[in-house]
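Coordinate inspection notes
Each chain, letter by letter, is given below.
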Amino acid sequence: MLLRYTILLCFLLPATVRPLQAQTTELQQLHKVLRSAADSVAYVKALNNIAFLHHRTQLDSCLWYASKAFTIAARRNDMRGKSYAYTNFALFHTRKRNYKLGNIYNYKALQLDEALKDTAGICIDYSNLALGYRADENLGKAQYYEQLSLQMSKRFADKADYNIDLLNYLEYYWKVPAKRDSVRWVLQELYALTDKTPYSMEWYEARMYEAMEQLKTTSFIQAEQRINQLAAAGIRRGMPDVAVYGYFHLINDILPLGYPVDSVKYATRIFRLARQAGNYSWMLDALKVAYPHATTHHNWPQLALYGDAIRRLSLSDITESGSLPAVDYFSYFLKEQQVQELHSNNALQQHIIEKSRLQEASHWMLLRFLGALLLLLLLLAAIYCWSYYHSRRHIRRLAVLHADITEKNIRLQQNDVFKNRLLSLIAHDFRTPLKEIQHNAIRWQQGTPELPAMIGGLQGVAMNARRVLDTFDNILRWVKLQLNGFAFTPAPCDTGALINAAITHLQEEIRQQHLQVVTDIPAGYIAAAHHDMLQSVNRTLLRQLIHLSGENGILRISILRQSQQIRVICCGFPVHTTPAALQAADHPDNLIMATCRDFLQQMQGSLHIFSTAQDTLSFSYLLPVSKKQ
């Protein structure tokens, strides 16, 4: 499994450098750039690029160039160069299987990229940390940084390592059944993205995963041929990593699924490519398969070749620590930590000295300012308290005066309304009958009328006198209702009997209009009301209908019971009604209706005026049913 992580780490470099051609050509170009660099920034960048290209096969050169780049970048305070150097250090220690130290340098690179707000660099750092933690078998942190890298790199796919993140996802979850849908989507996404950069490392990897996915629908022979074709194409283009990755797919991914993969053949190919490239890690992984097979079959030439390789690998591990005495990075790392601590202590001491000097210089000024501010605050507090006390006292006085004025204003308004209504009732309801009585008196003074005319006149006088008396009774009751202290006490009232009494009382007026009275008055409808008030309402409403109805009209009176209420309906025909007339009849300024409405509201009832058909007018009122019957 180490090979997977080391190969994937090979992909993680800044977007400006991608291994698309043979390394020799790129190294020659970078050395030319190194010799012609005009400033330290370009020089450091070239050193870091050379270090990155050397990390695959010549780790000692990778460390040497990265150390030189870091030294110059630290002296020139080139944060971007330091970040790139930290990334190369992380690659070096990861290839040396020192994953913890590799993650330390990845964190240092991440801190610098976050300070620079370099989104692409941050994505690469997240991806490097995910790979490092997976190699160190810390899956929790690995998955955390994988998600961060995927989320950020997808938004900046042209600058960050989005393709590498997708490849990592396939590497981790290709064999997990629960992730089949996600793996299929990632493969489609990677396939579409790599079409824009054909024959790159990611392009070959996407096609290899596609071939492995096609094992479900095609034969193993076809998938194996496809992977071998891609591996051969990668070797021709100077990318042995492609071939090694494909052969390891066959050994580590397809063979465990039960397909007849010749693991020895592919391990031999990997060993040959690793020996040519000088990659010890690949050689070790290939020898795990090839050496036991050669031993079992007594293949002495192969055993001699593998034994020589193992000897060289052992000597390399023994002599590696002393091969580069000038770049002993562990000591360099400790010295760097000491230098950083010294810088921090120096900055802290300078800050303390500067702070002490400023405090000493501004001590008396601060005391004077605080003293003046305290006096000012005390003065403002005293003024505020004095103003607040007087304003509250003034507000309380105004509130008392306002309450008195409001109460008096309400009383005056009530008195004005009561006075105006009283005067209007007297002027409206007394004027007409008194004028008729006066007219009859004047006519009799002019000459002695005949007996029939005198009888008719006396009947008119009696009717007008009765109307005046009824109006006077209504006014007295209404005045009593408006006075303070009036208490209404409901009593059982037979609505049918009161309606019949009102009809009998107005019989003379009904006869003069030649009206036909039709009643539908069931017995036993007892309402909770005031006898005199209800009688006044009945007489007033019936008198209004009598005067509004034409001669030879019809007067219909009915009583209904609706739940806990009694409804009395008085309808006159023919009555010329219009919407304006109905609105005027129901207007608050109509004093006769206002008086009836006041009586009914006092008795917890209500009055309604409406027209159900053409040339009709109806008065309807509701009263609660009496509980004492």
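Now for a quick tour of the structure. Since this is a predicted model, take the numbers as computed values, not measurements.

This part takes up the packing of aromatic side chains. Per the stated rule, a full pass over the model turns up 16 aromatic pairs. For the pair Tyr-133 and Tyr-145, a centre-to-centre distance of 6.0 Å together with 5° between the ring planes defines the contact as stacked. Note that Tyr-133 is positioned in helix 7 (residues 119-135) and Tyr-145 in helix 8 (residues 139-155), a separation of 12 residues in sequence. Note on Tyr-133: relative accessible area 8%, which makes it buried. When the centroid spacing of 6.1 Å and the interplanar angle of 20° are considered together, the rings of Tyr-384 and Tyr-388 count as stacked. Placement of both Tyr-384 and Tyr-388 in helix 17 (residues 329-446) is noted, with a separation of 4 residues, approximately one turn of the helix. What makes Tyr-388 partly exposed here is its relative accessible area of 46%. A connected cluster of aromatic rings, assembled from ring pairs, spans Tyr-107, Tyr-126, Tyr-133, Tyr-144 and Tyr-145.

Structurally, Ser-620 is set in strand 7 (residues 617-624). Residue Ser-620 is classed as buried on the basis of its relative accessible area of 0%. For Ser-620 and Cys-571, which are 49 residues apart along the polypeptide, the C-alpha to C-alpha distance reads 8.5 Å. Among residues more than four places away in sequence, those in contact with Ser-620 are Arg-567, Val-568, Ile-569, Ser-606, Leu-607, His-608 and Phe-610. Separated by 3.2 Å, the side chains of Ser-620 and Arg-567 make a polar contact.

Glancing now at the pattern of salt bridges. Tallied over the entire structure, the rule returns 10 salt bridges. Put simply, Glu-354 and Arg-357 hold a salt bridge, and the shortest N to O gap is 2.6 Å. Of the two residues, Glu-354 and Arg-357 are both situated in helix 17; the distance of 3 residues between them amounts to about one turn of the helix. Exposure remark for Arg-357: the relative accessible area of 45% places this residue in the partly exposed category. Residue Arg-543 is joined to Glu-509 by a salt bridge in which the shortest nitrogen-to-oxygen separation is 3.3 Å. Pair noted here: Arg-543 is in helix 21 (residues 531-548) and Glu-509 is in helix 20 (residues 507-512), with a separation of 34 residues, a long-range link.

Helix 13 (residues 240-254) packs onto helix 12 (residues 220-236) with a crossing angle of 155° between their chain directions and a minimal axis gap of 6 Å. For the element pair helix 12 / helix 13, the angle class is roughly antiparallel. Residues Phe-220, Glu-224, Ile-227, Asn-228, Leu-230, Ala-231, Gly-234 and Ile-235 of helix 12 form the contact with helix 13, whose participating residues are Pro-240, Val-242, Ala-243, Gly-246, Tyr-247, Leu-250 and Ile-254. Within the contact of helix 12 with helix 13, the residues separate by chemical class into 11 nonpolar, 3 polar and 1 charged.

Definitions and cut-offs
- Residues numbered from 1 in each chain as written.
- Predicted model: local features only at pLDDT ≥ 70, side-chain atom pairs only at ≥ 80, totals over all residues.
- Heavy atoms only, no water.
- Phe/Tyr/Trp six-rings, centres within 6.5 Å; stacked < 30°, edge-to-face > 60°.
- Helix = DSSP H or I, 4+ residues; strand = E, 2+ residues; numbered from the N terminus.
- Buried < 20%, exposed > 50% of the residue type's maximum accessible area, 1.4 Å probe, protein only.
- Contact = heavy atoms within 4.5 Å.
- Polar contact = N/O pair within 3.5 Å; in protein donor to acceptor, adjacent residues only side chain to side chain.
- Salt bridge = Lys/Arg side-chain N within 4 Å of Asp/Glu carboxyl O.
- Axes fitted to C-alpha atoms, helices over the stretch in contact; angles between N-to-C directions.
- Parallel < 35°, antiparallel > 145°, perpendicular 65-115°, else oblique.
- Nonpolar A, V, L, I, M, F, W, Y, C, P; charged D, E, K, R; others polar.

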